[in-house]
Amino acid sequence: MDRLPREAALAGCVVLTNREGAANFNEDVPLPSEFKFKTFDVEKIYTKLKECCNQHDEQVEKMNSYKQWILGQEKQMKDCVDKLINHVNARRILVQKIERYTKQSSTKGIKK
């Protein structure tokens, strides 16, 4: 579930996550590795949280590429939907032309 980290990043938060599931893969959650924890190491997480609080602006800035990736997802989805609609529409037009041609061909063959 990556909705919560996405919303947090877009709201200006620093996102920390584990490396389980999709978060382990940069293609799915492209956060800098310093914000991903392989194990629940309380000391490492505490140190990073302290760093995020003490240097918030610098740490938030490290989220910029993640935020840009998130915002790019909307455009990518829109492009995919547009391509799908165009493909379906083109197929619909093709089917209509075939139906018209078939109808015309069958009526020409009928003798009165």
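All residue numbers refer to position in the chain's written sequence, counted from 1. pLDDT decides what is reported in this predicted model: residues at 70 or higher carry local features, side-chain atom pairs at 80 or more are listed and counted, and totals for whole chains, interfaces and linings draw on all residues regardless. Think of the side-chain values as coming from all heavy atoms in the structure, minus any hydrogens and water.

> So what about the packing of aromatic side chains? Which residues, and what values?
Stacked, tilted and edge-to-face pairs are distinguished by plane angle, under 30 degrees for stacked and over 60 for edge-to-face with tilted covering the rest, among Phe, Tyr and Trp rings (Trp via its six-membered ring) whose centres lie within 6.5 Å. What the rule picks out here adds up to one aromatic pair. An angle of 10° between the planes, with centres 6.1 Å apart, marks the rings of Tyr-66 and Trp-69 as stacked. With Tyr-66 and Trp-69 both in helix 4 (residues 64-108) and three residues apart, the pair spans about one turn of that helix. For Trp-69, a relative accessible area of 23% gives the class partly exposed. Strands here are runs of E lasting at least two residues and helices are runs of H or I lasting at least four, both read from the DSSP assignment and numbered beginning at the N terminus. Per-residue accessibility, obtained with a 1.4 Å probe over protein chains only, is compared with the maximum for each type, and a residue is labelled buried under 20%, exposed over 50%, and partly exposed between these values.

> Summarise the environment of Asn-86; cite the residues concerned and give the values.
Structurally, the position occupied by Asn-86 is in helix 4. For Asn-86, a relative accessible area of 53% translates into the label exposed. A sequence separation of 23 residues divides Asn-86 from Met-63, and the C-alpha atoms of the two residues are 35 Å apart.

> Give a detailed account of a nonpolar patch on the surface, specifying residues and quantitative values.
Residues qualify for a patch when their relative accessible area is over 30% and they have no salt bridge, like charges being joined within 9 Å and the nonpolar side chains of Val, Leu, Ile, Met, Phe, Trp and Tyr within 5 Å. Computed with a 1.4 Å probe, the accessible areas rest on the Shrake-Rupley method; for each residue, only the protein chains presented here act as cover. Salt bridge, as used here, is a side-chain nitrogen of Lys or Arg placed within 4 Å of a carboxyl oxygen of Asp or Glu. Residues Met-77, Val-81 and Ile-85 make up a contiguous nonpolar surface patch of roughly 280 Å² in combined accessible area. With respect to the secondary-structure elements, Met-77 resides in helix 4. Residue classification places Met-77 among the exposed residues on the basis of a relative accessible area of 54%.

> Describe helix 4, listing the residues and the values that go with them.
The end-to-end C-alpha separation of helix 4 is 66 Å, in line with the 66 Å expected for 45 residues at 1.5 Å each. All buried positions along helix 4 are accounted for by Tyr-66, Lys-67 and Ile-70. On its buried face, helix 4 sits against helix 1 (3-10) and helix 3 (56-61). A helix's residues, less one, multiplied by 1.5 Å, set its expected span. Residue contacts are defined here by distance: any two heavy atoms, one from each residue, within 4.5 Å place the two residues in contact.

> How would you summarise helix 2 (residues 42-54) if you had to cite specific residues and measurements?
With 13 residues, helix 2 should reach 18 Å at 1.5 Å per residue; the first-to-last C-alpha distance of 18 Å fits that figure. Those residues of helix 2 not exposed but buried are Ile-45, Lys-48 and Cys-52. Within helix 2, the buried residues cover an arc of 65° as seen down the axis, which keeps them to one side. For helix 2, the exposed residues lying more than 90 degrees away from the buried face are Glu-43, Cys-53 and Asn-54. Where helix 2 is buried, its residues meet strand 2 (36-37) and helix 3. Throughout, the arc means the angular range of directions from the helix axis out to the C-beta atoms.

> An account of the packing of helix 1 against helix 4 is requested, with residue identities and associated values reported.
The description of two packed helices rests on the angle between their axes and on the distance between the axes. Each axis is a line fitted through C-alpha atoms, and for a helix only the stretch in contact is used; angles between axes span 0 to 180 degrees, taken between their N-to-C directions. Where helix 1 contacts helix 4, the axes come no closer than 10 Å and their chain directions differ by 115°. Comparing the axis directions of helix 1 and helix 4 gives the class roughly perpendicular. Between helix 1 and helix 4 lies a crossing whose hand is left-handed. Only Tyr-66, Lys-67, Trp-69, Ile-70, Leu-71 and Gln-73 of helix 4 make contact with helix 1, whose side of the interface consists of Pro-5, Arg-6, Ala-9 and Leu-10. Classifying every residue of the contact of helix 1 with helix 4 gives seven nonpolar, one polar and two charged. Angular relationships are summarised with four words: roughly parallel below 35 degrees, roughly antiparallel beyond 145, roughly perpendicular across 65 to 115, and oblique for the angles in between. Here a crossing is called left-handed whenever its near helix is offset anticlockwise from the far helix by less than a right angle, and right-handed whenever the offset is clockwise. Ten residues, namely Ala, Val, Leu, Ile, Met, Phe, Trp, Tyr, Cys and Pro, are considered nonpolar, four, namely Asp, Glu, Lys and Arg, are considered charged, and the remaining ones, Gly among them, are considered polar.

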